[in-house]
Amino acid sequence: MPKRVTKYWLMKSEPGTYSIDDLERDRTEPWDGVRNYQARNFMREMAEGDLAIFYHSSTNPPGAVGVCRVSREAYPDPTQFDKNSSYYDPKSRKDDPRWSLVDVEFAEKFAEPISLQALKEDSSLEGMLVTQKGSRLSVQPVDKKHFRRLLKVARANTKLR
DNA sequence: GCCAACGTTGGC
DNA sequence: GCCAACGTTGGC
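This section reports on the structure supplied with the text. Predicted, not measured: the structure shown is a model, and the values here were computed from it.

**A short note on the protein's contact with DNA strand B**
- Around DNA strand B, the structure places Asn36, Tyr37, Gln38, Lys91, Lys133, Gly134 and Arg136.
- Among atoms of DNA strand B positioned within 4 Å of the protein, sugar and phosphate together represent 68%.
- Residue lysine 133 places a side-chain N or O atom 2.9 Å away from a phosphate oxygen belonging to DNA strand B.
- Taking arginine 136, its side chain carries an N or O atom lying 2.5 Å from a base oxygen of DNA strand B.
- Looking at the surface near DNA strand B residue by residue, the classes come out as 1 nonpolar, 3 polar and 3 charged.

Here is the structure:
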């Protein structure tokens, strides 16, 4: 049996809701609240061990702030059945859950965030979904070459400190 | 706070 | 199946 190849992703979160520091403290977290079918489908493609860029959105500046690892593959998001949750979905049925999530665990926090602006200006990252205008997808695939490049930039920033 | 760029919903 | 109306995301 060939080993499954690690896949790479990018996951957005508003730091006011859940930040890389929160994940570093909690170590592992269910990535709940995703209510977009495309993003959900990407989470369903994830496997344990996949790596994801942790991205802070709706903040100044937005950008990549660290890395997390998928620690549990997709299962039903419990918040969809929780009437007290802002993620409650009355149309989702227990025998056919509409929304999924994965668990992610903390891997690393970058010494310096890599701003969206910097991502856009890096020609080696051309084609990354997150740099494209109007890209609102909160869970998205990342090419291996882009992932590796981004880590390289993060390391370089560490040396400059 | 504005608004462009989406995605979803529902009438027809 | 079309599309107008509405809601949301997220950069700026």
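That was the structure; now back to the text.
**A short note on the nonpolar core**
- Judged by nonpolar contacts, the single largest core of 21 residues is most densely connected at Met11, Trp31, Met43, Met46, Phe54 and Val139.
- At the level of secondary structure, the elements contributing two or more residues to this core comprise strand E1 (8-13), helix H1 (20-26), helix H2 (37-45), strand E3 (51-56), strand E4 (63-76) and strand E5 (100-115).
- The residues contacting methionine 46, other than those within four sequence positions of it, are Arg4, Trp9, Met11, Val70, Glu73, Val102 and Val139.
- Of all hydrophobic cores here, the second largest spans 18 residues; its members include Ile53, Phe110, Val130 and Val142.

**A short note on the sheet that holds strand E6 (residues 139-141)**
- If you trace the 6 strands from one edge of the open sheet to the other, you get E2-E5-E4-E3-E1-E6, paired in mixed fashion. Strand pairing shows two members of the sheet lacking a second neighbour, strand E2 (28-30) and E6, which therefore form its edges. This sheet shows a mean twist of 35 degrees between the axes of neighbouring strands, independent of strand direction.
- Bridge analysis of E1 against E3 gives 6 bridges, and the strand direction is parallel. Opposite methionine 11, over in E3, you have phenylalanine 54 as the bridge partner.

**Re the protein's contact with DNA strand C**
- Lys12, Tyr55, Ser57, Ser58, Pro62, Leu116, Lys120, Ser135 and Arg136 make up every residue found near DNA strand C.
- Protein-adjacent atoms of DNA strand C, using a 4 Å cutoff, are sugar or phosphate at a proportion of 74%.
- Measuring from a phosphate oxygen of DNA strand C, one finds a side-chain N or O atom of tyrosine 55 at 2.8 Å.
- For the surface near DNA strand C, a count of residues per class yields 3 nonpolar, 3 polar and 3 charged.

**Brief notes about unusual backbone geometry**
- Between asparagine 60 and proline 61 the backbone carries a cis peptide bond, its omega angle lying at -5 degrees.
- If you trace the backbone, proline 61 turns up in the loop between E3 and E4.
- The backbone phi angle of arginine 27 is positive, close to 70 degrees, even though this residue is not glycine.
- In this structure, serine 58 takes a positive phi of about 50 degrees despite not being glycine.
- Residue serine 58 is classed as exposed on the basis of its relative accessible area of 63%.

**Considerations on the pattern of salt bridges**
- The final tally for this structure, using the stated rule, is 10 salt bridges.
- Measuring nitrogen to oxygen at the nearest pair gives 2.8 Å for the salt bridge that ties lysine 109 to aspartate 21. Of this pair, lysine 109 sits in strand E5 while aspartate 21 sits in helix H1, and the two are 88 residues apart along the sequence.
- Residue classification places lysine 109 among the partly exposed residues on the basis of a relative accessible area of 42%.
- Residue class for aspartate 21 comes out partly exposed when judged on its relative accessible area of 39%.
- Among the salt bridges present, the one from glutamate 105 reaches arginine 69, with a minimum N-O distance of 2.7 Å. A residue pair is termed long-range when its members are at least 10 positions apart, and glutamate 105 in strand E5 and arginine 69 in strand E4 qualify at 36 residues.
- For arginine 69, a relative accessible area of 31% translates into the label partly exposed.
- One network of salt bridges, with partners in common, ties together Asp22, Arg25 and Asp26.

Calculation rules
Residues numbered from 1 in each chain as written. Chains lettered and ligands numbered in written order. Predicted model: local features only at pLDDT ≥ 70, side-chain atom pairs only at ≥ 80, totals over all residues. Heavy atoms only, no water. Near = heavy atom within 4 Å. Polar contact = N/O pair within 3.5 Å; in protein donor to acceptor, adjacent residues only side chain to side chain. Nonpolar A, V, L, I, M, F, W, Y, C, P; charged D, E, K, R; others polar. Core = buried A, V, L, I, M, F, W, Y, C linked by side-chain atoms within 4.5 Å. Buried < 20%, exposed > 50% of the residue type's maximum accessible area, 1.4 Å probe, protein only. Helix = DSSP H or I, 4+ residues; strand = E, 2+ residues; numbered from the N terminus. Contact = heavy atoms within 4.5 Å. Pairing = 2+ DSSP bridges. Axes fitted to C-alpha atoms, helices over the stretch in contact; angles between N-to-C directions. Salt bridge = Lys/Arg side-chain N within 4 Å of Asp/Glu carboxyl O.

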